[in-house]
Amino acid sequence: MENSYEKAEQVIEKALQISPNHTTALCGKAIFIQETCNQYDAAEKIYLEALSRNKHNADALCFYATFVGKAVFKKFDQAEMLYRRVLNISEMFSPAWSHFLLSVKGDHDKAEELYRRAYEVDPKDAINLCNYAHLVEVFRKDYERAENLYKEALLADPSNVAVLCNYGHLLARSSKDLERAEEMLKQAVKLDPSYEDAAFGLSVIRSKVNARRAQAAPARNPLHEKMYRELQRRRDVRSVNAEKKRDSEEQTLRADRMAEMLLREEADLEAKRGQGDAREGNRRGRKRF
């Protein structure tokens with residue numbers, strides 16, 4: 001990340017060396033100082049310097065409006081005045097004012113009007129479509145219209161991480177299509193692994209999918225429940241009877257085997273007795289002669 005900042009600073013400084021009064025380059029330097037060093041006073045001086053070079057530059061006006069509209073300054077009236085000046089120059093900057101109205105002032109109606117105006121100017125602006133869809137989803141609770149806007153945004157820019165993430169979240173919240181939501185967020189994470197909303201949304205979806213898989217059988221109505229209990233009772237009775245029958249059969253089989261064994265032993269004893277009597281008779285006959 002530090003290398004990226006250093007590279008950005010080098011590019012800005014090179015641009016200013018070539019053209020010291022370049023308005024956009026001055027704004028880039030102000031943004032860099034503001035975001036990386038938190039030097040707000042120095043950043044504001046550069047913004048004002050840029051506007052002194054060209055007070056009708058829409059980019060500079062929009063950047064400065066966003067700067068003074070931050071909660072740390074609370075110059076909301078000044079920010080709104082600057083946004084109005086920007087819109088008089090170009091409708092393309094209405095999404096920036098919409099975001100300010102939505103996030104800072106909570107003016108949903110005016111924000112939606114500006115998103116709509118920006119949509120009319122450029123129907124394929126994926127970021128504006130995404131922000132517009134988010135407003136409709138979160139504050140209007142019109143999920144069908146929000147989904148249609150997300151679809152348009154995705155067609156305009158299929159690799160836009162914010163669009164993939166927000167659309168995936170919409171599908172996940174409604175549990176409408178968890179598999180598709182999971183695929184969108186996987187793609188978002190693949191495109192930008194540092195995008196925390198995508199990674200968090202993916203973990204939520206996987207929890208929902210696992211919970212759905214672990215759910216018990218669908219709930220039965222009372223009649224079905226009664227029938228199920230009766231069916232289970234009959235199964236238990238059949239099982240007990242079968243067990244008793246099996247025990248009885250085993251006992252009978254053991255008794256038969258015991259009887260067979262006793263009969264064989266008795267036969268053996270009788271045979272031995274017969275052999276003993278025959279030998280005794282032969283012995284007596286020999287003595288008589």
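Treat the numbers as computed from the prediction; the structure is a model and nothing was measured. (Residues numbered from 1 in each chain as written. Predicted model: local features only at pLDDT ≥ 70, side-chain atom pairs only at ≥ 80, totals over all residues. Heavy atoms only, no water.)

Let's talk about the packing of helix α9 (residues 143-156) against helix α10 (residues 161-174)
Next up, step 1: Two numbers describe how α9 lies on α10: the axes approach to 10 Å, and their chain directions differ by 150°. On the basis of their axis angle, the class for α9 and α10 is roughly antiparallel. You can see that α9 and α10 cross each other, and the crossing is left-handed. Contacts between α9 and α10 pair Tyr143, Ala146, Glu147, Tyr150, Lys151, Ala153 and Leu154 from the former with Val163, Leu164, Asn166, Tyr167, Leu170 and Leu171 from the latter. (Axes fitted to C-alpha atoms, helices over the stretch in contact; angles between N-to-C directions. Helix = DSSP H or I, 4+ residues; strand = E, 2+ residues; numbered from the N terminus. Parallel < 35°, antiparallel > 145°, perpendicular 65-115°, else oblique. Left-handed = near helix turned anticlockwise from the far one by under 90°. Contact = heavy atoms within 4.5 Å.)

A few points about the environment of Gly69
Next up, step 1: The residue Gly69 is located in the loop between α4 (58-68) and α5 (76-89) in this model.
Next up, step 2: On the basis of relative accessibility, which here comes to 5%, the residue Gly69 falls in the buried class.
Next up, step 3: Along the primary structure Gly69 and Phe100 are separated by 31 residues, whereas in three dimensions their C-alpha atoms are 7.3 Å apart.
Next up, step 4: Residues in contact with Gly69, not counting those within four places in the same chain, are Phe76, Ala79, Phe100 and Val104. (Buried < 20%, exposed > 50% of the residue type's maximum accessible area, 1.4 Å probe, protein only.)

Some points on the confidence of the model for the protein chain
Next up, step 1: With 71% of its residues at a pLDDT of 70 or more, the protein chain has an overall mean of 78.
Next up, step 2: Per-element confidence in the protein chain is highest for α9, whose mean pLDDT is 95, and lowest for helix α13 (residues 222-288), whose mean pLDDT is 56. (pLDDT = per-residue confidence, 0-100.)

Some words on the nonpolar core
Next up, step 1: Core analysis: the biggest nonpolar cluster contains 63 residues, and Tyr47, Tyr64, Tyr83, Trp97, Tyr150 and Tyr167 have the highest contact counts within it.
Next up, step 2: Apart from the residues within four sequence positions on either side, Tyr83 is in contact with Cys62, Ala65, Thr66, Ala96, Trp97 and Phe100. (Core = buried A, V, L, I, M, F, W, Y, C linked by side-chain atoms within 4.5 Å.)

Thoughts on the side chain of Gln34
Next up, step 1: Tracing the backbone shows Gln34 in helix α2 (residues 23-37).
Next up, step 2: When near neighbours in sequence (up to four residues on either side) are disregarded, Gln34 contacts Gln39, Tyr40, Ala43, Tyr47, Phe67 and Lys70.

A word on helix α8 (residues 126-138)
Next up, step 1: Here α8 contains 13 residues, and its C-alpha end-to-end distance of 18 Å stays within 8% of the 18 Å for a straight helix at 1.5 Å per residue.
Next up, step 2: Residues of α8 that are buried include every one of Ala126, Asn128, Leu129, Cys130, Tyr132, Ala133, Leu135, Val136 and Glu137, and no others.
Next up, step 3: Among the structural elements, α6 (94-105), α7 (108-121), α9 and α10 are those in contact with the buried residues of α8.
Next up, step 4: Capping the start of α8 is the job of one residue whose side-chain oxygen sits 3.2 Å from the backbone nitrogen of Ile127: Asp125. (Expected span 1.5 Å × (residues − 1). Polar contact = N/O pair within 3.5 Å; in protein donor to acceptor, adjacent residues only side chain to side chain.)

A word on unusual backbone geometry
As a rule of thumb, non-glycine residues mostly have phi less than zero, and peptide bonds are mostly trans rather than cis.
Next up, step 1: Residue Asn38 is not a glycine yet carries a positive backbone phi of 55°.
Next up, step 2: Assignment of secondary structure puts Asn38 in the loop between α2 and α3 (40-53).
Next up, step 3: Here the phi dihedral of Lys141 falls at roughly 60°; this positive angle occurs in a residue that is not glycine.

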